[in-house]
Amino acid sequence: MRRHQLNIQLKTPEQIDLMRRAGLVVANALAAMRAAVAPGVTTADLDAIAEKVIRDAGGVPSFKGYHGYPGSICSSVNEQIVHAIPSPQQVLREGDLISLDCGAVLDGWHGDAAITVPVGETNPALVKMAEVAEESMWAGIAAAARGVLSGRGRLTDIGHAVETAVRAGGRYGIVDGYGGHGIGTEMHQDPHVLNHGRPGRGIKLSPGLCLAIEPMITMGSPRSVELEDGWTVVTRDNSVAAHVEHSIALLDDGAWVLTAPDGGRERLGELLTARAGARSTSTPS
Ligand code: MF3
Ligand code: CO
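No experiment lies behind these values; they were computed from the predicted model shown.

Rules used throughout
Residues numbered from 1 in each chain as written. Chains lettered and ligands numbered in written order. Predicted model: local features only at pLDDT ≥ 70, side-chain atom pairs only at ≥ 80, totals over all residues. Heavy atoms only, no water. Pairing = 2+ DSSP bridges. Helix = DSSP H or I, 4+ residues; strand = E, 2+ residues; numbered from the N terminus. Axes fitted to C-alpha atoms, helices over the stretch in contact; angles between N-to-C directions. Salt bridge = Lys/Arg side-chain N within 4 Å of Asp/Glu carboxyl O. Buried < 20%, exposed > 50% of the residue type's maximum accessible area, 1.4 Å probe, protein only. Near = heavy atom within 4 Å. Polar contact = N/O pair within 3.5 Å; in protein donor to acceptor, adjacent residues only side chain to side chain. Areas by Shrake-Rupley, 256 points an atom, 1.4 Å probe, with all protein chains shown as cover. Nonpolar A, V, L, I, M, F, W, Y, C, P; charged D, E, K, R; others polar. UniProt positions renumbered as here; feature names shortened; annotations may be inferred. Contact = heavy atoms within 4.5 Å. Donors = N, O, S within 2.8 Å, 3.2 Å for Na, K, Ca; no water.

Moving on, we come to the sheet that holds strand β12 (residues 233-235). Within the open sheet, the 3 strands sit side by side as β3-β12-β11. Their pairing is antiparallel. Every other strand in the sheet has two partners, leaving β3 (80-82) and β11 (224-226) as the edge strands with one partner each. Across this sheet, the average inter-strand angle for adjacent strands is 40 degrees, counted without regard to direction. In this sheet, β12 lies alongside β11 in antiparallel orientation, the contact comprising 3 bridges. Directly across from Val225, in β12, lies its bridge partner Val234.

It is worth spelling out the pattern of salt bridges at this point. One side chain can pair with another of opposite charge once the charged atoms of both are near each other. Here the structure, examined in full by the defined rule, presents 6 salt bridges. When the shortest N-O distance is used, the salt bridge between Arg267 and Glu135 registers 3.4 Å. Placement of the pair is Arg267 in helix α5 (residues 265-271) and Glu135 in helix α3 (residues 124-150), with a sequence separation of 132 residues. For Arg267, a relative accessible area of 19% gives the class buried. On the basis of relative accessible area, Glu135 is assigned to the partly exposed category, the value being 40%.

Attention shifts here to the site of ligand 1. The environment of ligand 1 is made up of 13 residues, and the closest members are Phe63, Asp101, Asp112, His188 and Glu214. For ligand 1, an oxygen atom lies 2.6 Å from a polar atom in the side chain of His188. One of the side-chain nitrogen or oxygen atoms of Glu214 is found 2.6 Å away from an oxygen atom of ligand 1. Protein chains shield 96% of the accessible area of ligand 1, which is 340 Å² for the free molecule. When its residues are assigned to classes, the shell around ligand 1 shows 6 nonpolar, 3 polar and 4 charged.

The positions that UniProt labels "binding site: a divalent metal cation 1" (unreviewed entry) are, in the present scheme, Asp101, Asp112 and Glu245. With the annotated positions falling across 145 residues, the maximum pairwise C-alpha distance of 7.8 Å places them together in a single cluster. For Asp112, the position within the fold is in strand β5 (residues 109-118). Within polar-contact distance, the side chain of Asp112 engages the side chain of His181 at 3.1 Å. Dropping the residues within four chain positions of it, Glu245 is found in contact with Asp101, Asp112, Ala113, Ala114, Met137, His181, Ala212, Ile213 and Glu214.

Attention now moves to the coordination of the cobalt ion (ligand 2). Around the cobalt ion (ligand 2), the protein supplies Asp112 (OD), His181 (NE2), Glu214 (OE) and Glu245 (OE) as donor atoms, at distances of 2.0 to 2.3 Å. Along the chain, the residues that donate to the cobalt ion (ligand 2) are spaced as D-x68-H-x32-E-x30-E. Of this pair, Asp112 sits in strand β5 while His181 sits in strand β7 (residues 180-182), and the two are 69 residues apart along the sequence. Residue Asp112 shares its accessibility class with His181, and that shared class is buried.

Written out as structure tokens, the structure is:
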């Protein structure tokens with residue numbers, strides 16, 4: 001039973017095209033940050049890089065000022081899971097694992113995505129965790145695409161696919177109490193998207209539904225703590241965490257990964273039949 005009536009904003013194809021523009025700005029900001037990650041770089045340096053890419057494209061960093069959040073990105077290092085505030089004091093070191101989360105609003109429409117990147121030579125077990133997080137995100141996206149294609153998909157099919165992929169990847173914690181969300185004219189909209197659970201429940205996966213899918217996993221416990229800064233979420237057991245995210249739009253012919261440069265074409269092509277793949281080639285980007 002739902003505690004409240006969900007407010008679901010279904011988007012028209014024209015609105016989804018606008019969301020794609022915002023999504024590509026986020027993709028470009030993340031690519032610029034990925035290229036800059038290295039020992040000696042500060043998380044404030046990465047924040048400045050993202051903000052410049054977003055503003056040069058005519059967008060606004062959506063995180064800045066969100067409930068008073070001071071940064072343009074969240075830069076969560078090692079045991080930090082999400083929402084860590086960038087700082088000139090935080091210098092990246094060889095072996096760190098950093099999750100970079102970035103959002104932009106362009107012409108009133110939002111994009112939101114995250115990547116997890118090793119800093120130099122990093123423990124292979126941590127690199128593997130980041131890969132499993134990424135795999136699980138794509139499993140969730142593929143489940144959403146399949147669900148809209150069959151016409152029988154339900155929201156919790158996504159979390160079920162994420163969880164199944166994480167469990168298949170190894171022994172990881174799936175962070176409790178956090179998940180993905182609807183996205184559109186606000187960064188956070190209904191519905192909440194769990195990263196675990198039983199399939200076949202929740203709202204129907206319909207064309208026009210736009211979601212941010214964002215697995216958060218740890219080398220240990222699923223439990224987290226929010227620090228006294230009111231933002232930074234860390235693992236309770238201090239184990240290292242990974243967080244990845246894409247914003248997607250459901251179309252009648254599958255899923256369009258709005259924050260992937262290729263629209264998700266390559267990964268969805270591998271995971272689905274050709275018909276179910278993203279239609280990024282036929283859509284202006
Ligand atoms: N990208 C985050 C999310 O998916 C939001 C960051 S919170 C903010 O929920 F305060 F930094 F904006
Ligand atoms: Co998000």
